[in-house]
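Chain by chain, the residues:
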Amino acid sequence: MAKIIVVTSGKGGVGKTTSSAAIGTGLALKGHSTVIVDFDIGLRNLDLVMGCERRVVYDFVNVINGEANLNQALIKDKRVNNLYILPASQTRDKDALTRDGVGKVLEELKENFDYIICDSPAGIETGALMALYYADEAIVTTNPEVSSVRDSDRILGILHSKSNRAERNMDPIKEHLLLTRYHPERVAKGEMLSVDDVKEILAIPLLGVIPESQSVLNASNSGCPVILDEESDAGMAYSDAIERLLGETIDFRFLTAEKKGIFKRIFGG
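Enquirer: Could you give an account of the nonpolar core, with specific residues and numbers?
Expert: Membership of the largest hydrophobic core comes to 48 residues, with the highest contact counts inside it found for Phe39, Phe60, Leu86, Leu97 and Leu109. If one sorts the elements of this core by residue count, helix α7 (residues 146-161) sits on top with five residues. In this view, Leu109 contacts Val35, Val37, Leu70, Leu74, Leu86 and Ile116; residues no more than four positions away in its chain are not counted. Ile5, Ile23, Leu27 and Ile227 belong to the second largest nonpolar core, which has 32 residues in total.

Enquirer: Describe in detail the packing of aromatic side chains, supporting the description with residues and values.
Expert: Using the criterion set out here, one finds three aromatic pairs in the structure. Note on Phe39 and Phe60: the rings are 5.1 Å apart at their centroids and 80° apart in plane angle, and the pair reads as edge-to-face. Taken together, the positions of Phe39 in the loop between β2 (34-38) and α2 (46-49) and Phe60 in helix α3 (residues 60-64) put the pair 21 residues apart, joining distant regions of the chain. Overall, Phe60 belongs to the buried group, its relative accessible area being 0%. Seen from their ring centres, Tyr133 and Tyr134 are 4.8 Å apart, and the 90° between their planes marks the pair as edge-to-face. Note on Tyr133: relative accessible area 6%, which makes it buried. On the basis of relative accessibility, which here comes to 21%, the residue Tyr134 falls in the partly exposed class. The aromatic ring of Tyr133 is capped on one face by Arg99, whose charged end is 3.8 Å from the ring centroid. A cation over an aromatic ring shows up here: Arg244 above the ring of Phe252, its NZ or CZ 3.7 Å from the ring centre.

Parameters and conventions
- Residues numbered from 1 in each chain as written.
- Predicted model: local features only at pLDDT ≥ 70, side-chain atom pairs only at ≥ 80, totals over all residues.
- Heavy atoms only, no water.
- Core = buried A, V, L, I, M, F, W, Y, C linked by side-chain atoms within 4.5 Å.
- Buried < 20%, exposed > 50% of the residue type's maximum accessible area, 1.4 Å probe, protein only.
- Helix = DSSP H or I, 4+ residues; strand = E, 2+ residues; numbered from the N terminus.
- Contact = heavy atoms within 4.5 Å.
- Phe/Tyr/Trp six-rings, centres within 6.5 Å; stacked < 30°, edge-to-face > 60°.
- Lys NZ or Arg CZ within 6 Å of the ring centre and 35° of its normal.

Below, the structure written as structure tokens:
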């Protein structure tokens with residue numbers, strides 16, 4: 001049965017689209033038919049991160065409005081089998097999304113995909129509420145900073161009260177914590193919250209810890225999901241998160257500062 005997973009956060013700039021791209025790609029690499037849906041109407045970025053911006057002809061809003069069908073709007077990834085992107089509109093505002101329209105599109109997607117990844121805009125405005133409303137699972141994405149964690153706690157409250165599952169007294173949305181831009185050296189200096197600090201505040205299961213990494217920026221700039229960079233620490237961390245999402249028990253990596261050898265201590269680097 002198809003699962004709808006929303007990648008959400010309270011604060012902007014925490015890496016939701018990067019994470020949506022990596023998670024969708026990772027699930028497809030595991031053989032699951034997957035579509036990533038961009039809910040950030042007016043500020044479309046998923047197609048850039050996925051490297052398919054020149055192939056966008058129709059978008060999510062066109063499908064909702066009956067101006068195109070899903071086959072016309074879906075973009076097949078060129079690198080990974082079973083992976084598709086449904087881009088957002090750049091020219092409409094967020095009110096173009098209606099609950100009934102979104103629900104109808106998601107129901108049609110469920111007929112053809114194992115996983116539907118909803119890339120949510122930040123905050124609690126219309127696009128974000130639409131992205132989480134129909135979710136079965138939520139990946140709450142946060143940086144190890146007080147403001148980001150506080151805003152994520154507010155998102156958890158909305159997941160508990162304003163989702164379709166909450167309104168219908170169904171089993172609650174299954175929640176996962178994804179901690180991004182983690183920097184062990186800064187944690188050790190007291191400049192960032194630790195993993196345990198964030199877990200204590202949000203009190204939801206930890207799915208992954210993605211280290212601060214230049215490879216994330218490089219991947220975004222090149223239109224290639226960072227999980228495909230198998231040599232990078234961020235790519236490996238996202239791969240570990242996919243294993244956990246699929247039920248495997250995987251040890252967490254990149255949580256402690258790298259010990260420098262004598263030459264690094266003397267000469268830097």
